[in-house]
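# Descriptive structure summary
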Amino acid sequence: MKHFTKRTLVSGILAASMLTGVAKAQDLTIASSMPALEFPFFVHMQKSLAAAAEATGGIALIETDGQNSSTKQTGDVEAAIIQGVDGIIISPIDAVAMAPALQQAVEAGIPVVTIDRRVEGVDGIVSHVGADNVIGGEAQANLIIDMFPDGARIVNLQGQPGASPAIDRNQGVHNILDSMSDKYEFVAEQTANFAREQGASVTEAILAGLDSPPDVIVAANDDMALGALQVVLEQGLDIAILGFDALPEALGSVRDGGLTATTEQFPGGQTEKALEVLLAHLQGESVEPLILLNPIMITSENLDQSERIGEVQ
(Lines give C-alpha, C1' and ligand atoms only; values in the text may rest on other atoms or scores of the structure.)
Protein backbone atom coordinates (compact mmCIF):
# COMPACT_ATOMS: atom_id res chain seq x y z
CA MET A 1 0.00 0.00 0.00
CA LYS A 2 1.42 3.35 -0.99
CA HIS A 3 0.98 6.36 1.27
CA PHE A 4 1.34 10.03 0.34
CA THR A 5 1.72 13.00 2.61
CA LYS A 6 0.85 16.58 1.78
CA ARG A 7 4.49 17.29 0.98
CA THR A 8 4.62 14.42 -1.51
CA LEU A 9 1.55 15.81 -3.25
CA VAL A 10 2.98 19.29 -3.71
CA SER A 11 4.46 18.01 -6.96
CA GLY A 12 1.09 16.67 -8.13
CA ILE A 13 0.18 19.59 -10.38
CA LEU A 14 3.70 19.72 -11.79
CA ALA A 15 3.59 16.02 -12.59
CA ALA A 16 0.21 16.40 -14.24
CA SER A 17 1.40 19.41 -16.21
CA MET A 18 4.00 17.18 -17.86
CA LEU A 19 1.05 15.57 -19.61
CA THR A 20 -0.27 18.88 -20.90
CA GLY A 21 0.70 18.06 -24.46
CA VAL A 22 -1.36 14.91 -24.40
CA ALA A 23 -4.34 16.70 -22.88
CA LYS A 24 -4.25 19.55 -25.35
CA ALA A 25 -3.83 17.25 -28.32
CA GLN A 26 -6.81 15.19 -27.34
CA ASP A 27 -9.02 17.96 -25.95
CA LEU A 28 -9.97 15.79 -23.01
CA THR A 29 -13.41 15.98 -21.45
CA ILE A 30 -13.55 14.77 -17.86
CA ALA A 31 -16.68 14.51 -15.74
CA SER A 32 -16.46 15.09 -12.01
CA SER A 33 -19.11 14.27 -9.44
CA MET A 34 -19.21 15.26 -5.79
CA PRO A 35 -21.74 13.75 -3.36
CA ALA A 36 -23.26 17.07 -2.28
CA LEU A 37 -21.98 20.59 -2.83
CA GLU A 38 -24.04 21.77 0.14
CA PHE A 39 -21.05 20.60 2.20
CA PRO A 40 -18.03 22.99 2.22
CA PHE A 41 -15.66 20.02 2.17
CA PHE A 42 -16.84 18.93 -1.27
CA VAL A 43 -16.94 22.50 -2.56
CA HIS A 44 -13.23 22.72 -1.71
CA MET A 45 -12.53 19.41 -3.43
CA GLN A 46 -14.36 20.55 -6.57
CA LYS A 47 -12.54 23.89 -6.65
CA SER A 48 -9.21 22.14 -6.19
CA LEU A 49 -9.98 19.77 -9.06
CA ALA A 50 -11.04 22.62 -11.32
CA ALA A 51 -7.84 24.52 -10.49
CA ALA A 52 -5.75 21.44 -11.25
CA ALA A 53 -7.51 20.93 -14.58
CA GLU A 54 -6.97 24.56 -15.54
CA ALA A 55 -3.32 24.42 -14.55
CA THR A 56 -2.83 21.30 -16.67
CA GLY A 57 -4.58 22.79 -19.71
CA GLY A 58 -6.57 21.20 -22.51
CA ILE A 59 -9.22 19.76 -20.20
CA ALA A 60 -12.94 20.48 -20.33
CA LEU A 61 -14.29 19.65 -16.88
CA ILE A 62 -17.98 18.79 -16.52
CA GLU A 63 -18.81 19.46 -12.86
CA THR A 64 -21.85 17.78 -11.32
CA ASP A 65 -23.46 17.79 -7.89
CA GLY A 66 -24.96 14.55 -6.56
CA GLN A 67 -27.20 16.58 -4.22
CA ASN A 68 -26.87 13.84 -1.60
CA SER A 69 -28.94 11.50 -3.78
CA SER A 70 -27.69 8.24 -5.28
CA THR A 71 -30.40 8.58 -7.94
CA LYS A 72 -29.15 12.02 -8.96
CA GLN A 73 -25.51 10.96 -8.98
CA THR A 74 -26.36 7.84 -10.97
CA GLY A 75 -28.12 10.02 -13.55
CA ASP A 76 -25.07 12.26 -13.79
CA VAL A 77 -22.80 9.27 -14.41
CA GLU A 78 -25.18 7.90 -17.04
CA ALA A 79 -25.23 11.29 -18.76
CA ALA A 80 -21.43 11.33 -18.78
CA ILE A 81 -21.42 7.88 -20.39
CA ILE A 82 -23.82 9.05 -23.11
CA GLN A 83 -21.63 12.11 -23.73
CA GLY A 84 -18.64 9.84 -24.17
CA VAL A 85 -16.35 11.60 -21.72
CA ASP A 86 -12.69 10.60 -21.58
CA GLY A 87 -12.76 9.92 -17.87
CA ILE A 88 -14.74 10.24 -14.64
CA ILE A 89 -13.49 11.43 -11.27
CA ILE A 90 -16.12 10.75 -8.64
CA SER A 91 -16.68 10.67 -4.90
CA PRO A 92 -19.52 8.11 -4.66
CA ILE A 93 -22.37 8.99 -2.32
CA ASP A 94 -22.79 5.35 -1.32
CA ALA A 95 -20.22 2.58 -1.61
CA VAL A 96 -22.84 0.10 -2.83
CA ALA A 97 -25.62 2.13 -4.47
CA MET A 98 -23.25 3.75 -6.98
CA ALA A 99 -21.71 0.46 -8.09
CA PRO A 100 -24.08 -0.27 -11.02
CA ALA A 101 -23.59 3.12 -12.67
CA LEU A 102 -19.82 3.00 -12.32
CA GLN A 103 -19.77 -0.56 -13.64
CA GLN A 104 -21.62 0.75 -16.71
CA ALA A 105 -18.95 3.41 -17.16
CA VAL A 106 -16.16 0.87 -16.93
CA GLU A 107 -17.90 -1.43 -19.41
CA ALA A 108 -18.29 1.55 -21.75
CA GLY A 109 -14.52 1.95 -21.72
CA ILE A 110 -14.50 5.11 -19.62
CA PRO A 111 -11.74 5.13 -16.99
CA VAL A 112 -13.00 5.91 -13.48
CA VAL A 113 -11.00 7.26 -10.55
CA THR A 114 -12.77 7.46 -7.19
CA ILE A 115 -11.76 10.04 -4.59
CA ASP A 116 -12.45 10.35 -0.87
CA ARG A 117 -15.23 7.73 -0.95
CA ARG A 118 -14.71 4.32 -2.51
CA VAL A 119 -17.18 2.06 -4.32
CA GLU A 120 -17.62 -1.65 -3.69
CA GLY A 121 -17.72 -4.53 -6.15
CA VAL A 122 -16.76 -2.73 -9.37
CA ASP A 123 -14.04 -4.43 -11.39
CA GLY A 124 -11.96 -2.12 -13.53
CA ILE A 125 -11.81 1.06 -11.43
CA VAL A 126 -8.51 2.67 -12.41
CA SER A 127 -7.61 3.88 -8.93
CA HIS A 128 -8.97 5.11 -5.64
CA VAL A 129 -7.35 8.21 -4.20
CA GLY A 130 -8.35 9.17 -0.70
CA ALA A 131 -7.44 9.54 2.91
CA ASP A 132 -6.82 6.49 5.02
CA ASN A 133 -9.95 7.08 7.04
CA VAL A 134 -9.26 4.16 9.34
CA ILE A 135 -5.98 5.80 10.32
CA GLY A 136 -7.86 9.09 10.72
CA GLY A 137 -10.28 7.48 13.16
CA GLU A 138 -7.38 5.87 14.98
CA ALA A 139 -5.73 9.29 15.25
CA GLN A 140 -8.88 10.66 16.90
CA ALA A 141 -8.89 7.77 19.35
CA ASN A 142 -5.20 8.20 20.17
CA LEU A 143 -5.77 11.87 20.92
CA ILE A 144 -8.57 10.91 23.31
CA ILE A 145 -6.13 8.60 25.10
CA ASP A 146 -3.51 11.36 25.27
CA MET A 147 -6.04 13.83 26.66
CA PHE A 148 -7.70 11.41 29.08
CA PRO A 149 -5.06 8.84 30.11
CA ASP A 150 -7.17 7.70 33.06
CA GLY A 151 -10.21 6.98 30.89
CA ALA A 152 -13.16 8.82 29.37
CA ARG A 153 -16.85 8.61 28.65
CA ILE A 154 -17.36 9.13 24.92
CA VAL A 155 -20.18 10.16 22.60
CA ASN A 156 -19.56 9.03 19.02
CA LEU A 157 -21.33 11.01 16.27
CA GLN A 158 -21.18 8.78 13.20
CA GLY A 159 -21.43 9.80 9.57
CA GLN A 160 -23.88 8.89 6.82
CA PRO A 161 -24.66 5.15 6.81
CA GLY A 162 -23.26 3.45 3.73
CA ALA A 163 -20.63 6.15 3.06
CA SER A 164 -17.17 4.60 3.16
CA PRO A 165 -15.56 7.44 5.18
CA ALA A 166 -18.22 7.04 7.87
CA ILE A 167 -17.61 3.29 8.00
CA ASP A 168 -13.83 3.59 8.09
CA ARG A 169 -13.58 6.45 10.59
CA ASN A 170 -15.88 4.64 12.98
CA GLN A 171 -13.81 1.49 12.55
CA GLY A 172 -10.61 3.41 13.32
CA VAL A 173 -11.98 4.85 16.55
CA HIS A 174 -13.11 1.41 17.68
CA ASN A 175 -9.87 -0.26 16.58
CA ILE A 176 -8.05 1.65 19.30
CA LEU A 177 -10.59 2.08 22.06
CA ASP A 178 -12.41 -1.25 22.07
CA SER A 179 -9.35 -2.98 23.52
CA MET A 180 -9.49 -0.58 26.47
CA SER A 181 -13.21 -0.69 27.15
CA ASP A 182 -12.56 -0.84 30.88
CA LYS A 183 -11.32 2.76 30.68
CA TYR A 184 -12.97 4.20 27.57
CA GLU A 185 -16.75 3.83 27.45
CA PHE A 186 -18.97 4.76 24.51
CA VAL A 187 -22.00 6.11 26.36
CA ALA A 188 -23.79 6.89 23.08
CA GLU A 189 -23.21 6.25 19.37
CA GLN A 190 -25.56 7.61 16.74
CA THR A 191 -25.46 8.85 13.18
CA ALA A 192 -25.95 12.54 12.46
CA ASN A 193 -25.48 12.01 8.69
CA PHE A 194 -22.51 14.37 8.40
CA ALA A 195 -24.95 17.31 8.85
CA ARG A 196 -24.48 20.21 11.27
CA GLU A 197 -28.15 20.60 12.15
CA GLN A 198 -28.40 16.89 12.93
CA GLY A 199 -25.13 17.06 14.85
CA ALA A 200 -26.77 19.63 17.11
CA SER A 201 -30.12 17.86 17.48
CA VAL A 202 -28.59 14.42 18.06
CA THR A 203 -26.16 15.83 20.62
CA GLU A 204 -28.96 17.62 22.44
CA ALA A 205 -31.01 14.42 22.61
CA ILE A 206 -28.05 12.35 23.78
CA LEU A 207 -27.08 14.80 26.51
CA ALA A 208 -30.68 14.90 27.73
CA GLY A 209 -30.62 11.15 28.14
CA LEU A 210 -27.37 10.90 30.09
CA ASP A 211 -27.05 11.13 33.86
CA SER A 212 -23.90 13.24 33.48
CA PRO A 213 -22.08 14.88 30.54
CA PRO A 214 -19.48 12.85 28.64
CA ASP A 215 -15.81 13.78 28.65
CA VAL A 216 -15.50 13.91 24.88
CA ILE A 217 -17.58 13.98 21.70
CA VAL A 218 -15.84 12.47 18.69
CA ALA A 219 -17.46 13.30 15.35
CA ALA A 220 -16.87 11.83 11.91
CA ASN A 221 -16.79 15.30 10.33
CA ASP A 222 -16.51 18.96 11.27
CA ASP A 223 -20.10 19.87 10.49
CA MET A 224 -21.39 17.44 13.10
CA ALA A 225 -18.68 18.56 15.52
CA LEU A 226 -19.62 22.22 15.08
CA GLY A 227 -23.29 21.36 15.61
CA ALA A 228 -22.36 19.54 18.81
CA LEU A 229 -20.25 22.51 19.92
CA GLN A 230 -23.24 24.82 19.57
CA VAL A 231 -25.24 22.68 22.01
CA VAL A 232 -22.35 22.27 24.44
CA LEU A 233 -21.79 26.03 24.57
CA GLU A 234 -25.50 26.71 25.02
CA GLN A 235 -25.58 24.34 27.99
CA GLY A 236 -22.37 25.70 29.48
CA LEU A 237 -20.66 22.32 29.49
CA ASP A 238 -16.96 21.49 29.38
CA ILE A 239 -16.67 18.70 26.81
CA ALA A 240 -13.77 18.06 24.45
CA ILE A 241 -14.99 17.88 20.83
CA LEU A 242 -13.02 16.31 17.99
CA GLY A 243 -13.98 16.87 14.36
CA PHE A 244 -12.74 15.56 11.02
CA ASP A 245 -11.99 17.40 7.73
CA ALA A 246 -10.14 20.55 8.88
CA LEU A 247 -12.66 22.98 7.37
CA PRO A 248 -11.62 26.64 7.73
CA GLU A 249 -14.45 27.26 10.20
CA ALA A 250 -13.31 24.30 12.27
CA LEU A 251 -9.72 25.48 12.18
CA GLY A 252 -10.84 28.89 13.40
CA SER A 253 -12.79 27.22 16.18
CA VAL A 254 -9.72 25.21 17.23
CA ARG A 255 -7.67 28.41 17.23
CA ASP A 256 -10.25 30.21 19.34
CA GLY A 257 -10.72 27.42 21.87
CA GLY A 258 -14.02 25.98 20.63
CA LEU A 259 -13.32 22.61 19.02
CA THR A 260 -10.48 20.73 20.65
CA ALA A 261 -9.13 19.31 17.40
CA THR A 262 -9.95 18.33 13.83
CA THR A 263 -8.48 15.80 11.42
CA GLU A 264 -6.70 16.97 8.27
CA GLN A 265 -7.08 14.65 5.30
CA PHE A 266 -5.77 16.99 2.55
CA PRO A 267 -8.82 17.03 0.22
CA GLY A 268 -7.15 19.33 -2.28
CA GLY A 269 -4.22 16.95 -2.45
CA GLN A 270 -6.63 14.10 -3.10
CA THR A 271 -8.22 15.76 -6.12
CA GLU A 272 -4.91 16.90 -7.57
CA LYS A 273 -3.56 13.37 -7.30
CA ALA A 274 -6.74 11.89 -8.79
CA LEU A 275 -6.37 14.04 -11.90
CA GLU A 276 -2.69 13.19 -12.17
CA VAL A 277 -3.50 9.47 -11.97
CA LEU A 278 -6.28 9.69 -14.57
CA LEU A 279 -4.08 11.57 -17.02
CA ALA A 280 -1.25 9.10 -16.53
CA HIS A 281 -3.66 6.21 -17.23
CA LEU A 282 -4.93 7.91 -20.38
CA GLN A 283 -1.32 8.23 -21.51
CA GLY A 284 -0.93 4.48 -21.12
CA GLU A 285 1.08 4.50 -17.93
CA SER A 286 0.65 2.03 -15.10
CA VAL A 287 -0.85 3.61 -11.98
CA GLU A 288 -1.33 2.53 -8.39
CA PRO A 289 -4.83 1.09 -7.81
CA LEU A 290 -4.94 2.46 -4.27
CA ILE A 291 -3.37 5.72 -3.10
CA LEU A 292 -4.05 6.77 0.47
CA LEU A 293 -2.97 9.90 2.30
CA ASN A 294 -2.35 9.66 6.03
CA PRO A 295 -4.56 12.09 7.98
CA ILE A 296 -3.12 14.01 10.92
CA MET A 297 -4.74 15.58 13.97
CA ILE A 298 -4.79 19.38 14.02
CA THR A 299 -4.81 21.11 17.40
CA SER A 300 -4.01 24.67 18.41
CA GLU A 301 -0.34 23.67 18.46
CA ASN A 302 0.01 22.70 14.77
CA LEU A 303 -2.60 24.74 12.90
CA ASP A 304 0.02 25.71 10.32
CA GLN A 305 0.08 22.11 9.03
CA SER A 306 -3.49 22.33 7.75
CA GLU A 307 -4.12 22.58 4.01
CA ARG A 308 -6.69 25.39 4.36
CA ILE A 309 -5.21 27.49 7.17
CA GLY A 310 -4.89 30.41 4.74
CA GLU A 311 -8.70 30.57 4.47
CA VAL A 312 -9.30 31.02 8.19
CA GLN A 313 -10.85 34.38 9.01
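A brief look at the structure comes next. (Residues numbered from 1 in each chain as written. Predicted model: local features only at pLDDT ≥ 70, side-chain atom pairs only at ≥ 80, totals over all residues. Heavy atoms only, no water.)

## Some details on the nonpolar core
Formed by 58 residues in total, the largest nonpolar core has its most connected members in Ile-89, Leu-157 and Leu-275. Take this core: its biggest share by element is seven residues, from helix 10 (residues 222-234). Setting aside anything within four residues of it in sequence, one finds Leu-157 in contact with Gln-190, Gly-199, Val-202, Thr-203, Ile-206, Ile-217, Val-218, Ala-219, Ala-220, Met-224 and Ala-228. One finds Ile-144, Tyr-184, Val-216 and Leu-242 within the second-largest nonpolar core, a separate group that totals 19 residues. (Core = buried A, V, L, I, M, F, W, Y, C linked by side-chain atoms within 4.5 Å. Buried < 20%, exposed > 50% of the residue type's maximum accessible area, 1.4 Å probe, protein only. Helix = DSSP H or I, 4+ residues; strand = E, 2+ residues; numbered from the N terminus. Contact = heavy atoms within 4.5 Å.)

## Section: the packing of helix 4 (residues 40-56) against helix 12 (residues 267-282)
Contact pair helix 4 / helix 12: the axes reach a minimum separation of 8 Å and the direction vectors enclose 40°. As far as their axial angle goes, helix 12 and helix 4 are oblique. Handedness of the crossing formed by helix 4 with helix 12: right-handed. Judged by residue contacts, Phe-41, His-44, Met-45, Ser-48, Leu-49, Ala-52, Ala-53 and Thr-56 of helix 4 engage Pro-267, Gly-268, Gln-270, Thr-271, Glu-272, Leu-275 and Leu-279 from helix 12. (Axes fitted to C-alpha atoms, helices over the stretch in contact; angles between N-to-C directions. Parallel < 35°, antiparallel > 145°, perpendicular 65-115°, else oblique. Left-handed = near helix turned anticlockwise from the far one by under 90°.)

## Considerations on the side chain of Thr-114
Among the structural elements, Thr-114 can be located in strand 5 (residues 112-115). In this structure Thr-114 comes out as buried when scored by relative accessible area, which is 1%. A polar contact is formed between the side chain of Thr-114 and the side chain of His-128, at a distance of 2.7 Å. Apart from residues no more than four positions distant in its own chain, Thr-114 is found in contact with Ile-90, Pro-92, Leu-102, Val-119, Ile-125, Ser-127, His-128 and Val-129. (Polar contact = N/O pair within 3.5 Å; in protein donor to acceptor, adjacent residues only side chain to side chain.)

## Some details on unusual backbone geometry
Of note, Asn-68 is a non-glycine position whose phi angle comes to about 60°, a positive value. Within the secondary structure layout, Asn-68 lies in the loop between strand 3 (59-65) and helix 5 (70-83). At Asn-193, a position not held by glycine, the phi torsion is positive, near 55°. Relative to the helices and strands, Asn-193 resides in the loop between strand 8 (184-191) and helix 9 (196-209).

## Thoughts on the pattern of salt bridges
Under the counting rule described, the total for this entry stands at nine salt bridges. Note that Arg-118 is salt-bridged to Asp-168, the shortest N-O span being 2.5 Å. Taken together, the positions of Arg-118 in the loop between strand 5 and strand 6 (127-131) and Asp-168 in helix 8 (residues 164-177) put the pair 50 residues apart, joining distant regions of the chain. Judged by relative accessible area, Arg-118 falls into the partly exposed class, the value being 24%. Among the charged side chains, a salt-bridge network with shared partners connects Arg-118, Glu-120 and Asp-168. (Salt bridge = Lys/Arg side-chain N within 4 Å of Asp/Glu carboxyl O.)

## What about helix 8?
With 14 residues, helix 8 extends 20 Å from end C-alpha to end C-alpha; this agrees with the ideal 20 Å at 1.5 Å per step. When you tally the buried positions in helix 8, you get ten out of 14 residues, the bulk of the element. Every buried residue belonging to helix 8 is among Ser-164, Pro-165, Ala-166, Asp-168, Arg-169, Gly-172, Val-173, His-174, Ile-176 and Leu-177, and all of these are buried. On its buried side, helix 8 packs onto helix 7 (133-147), strand 7 (152-158), strand 8 and strand 9 (216-219). (Expected span 1.5 Å × (residues − 1).)

## Focus: the environment of Gly-66
Within the element layout of this structure, Gly-66 appears in the loop between strand 3 and helix 5. Given a relative accessible area of 0%, Gly-66 falls into the buried group. Distance in space between the C-alpha atoms of Gly-66 and Ile-93 is 7.5 Å, their sequence separation being 27 residues. Ignoring sequence-local partners within four residues, the contact set of Gly-66 consists of Met-34, Pro-35, Lys-72, Gln-73, Asp-76 and Ile-93.

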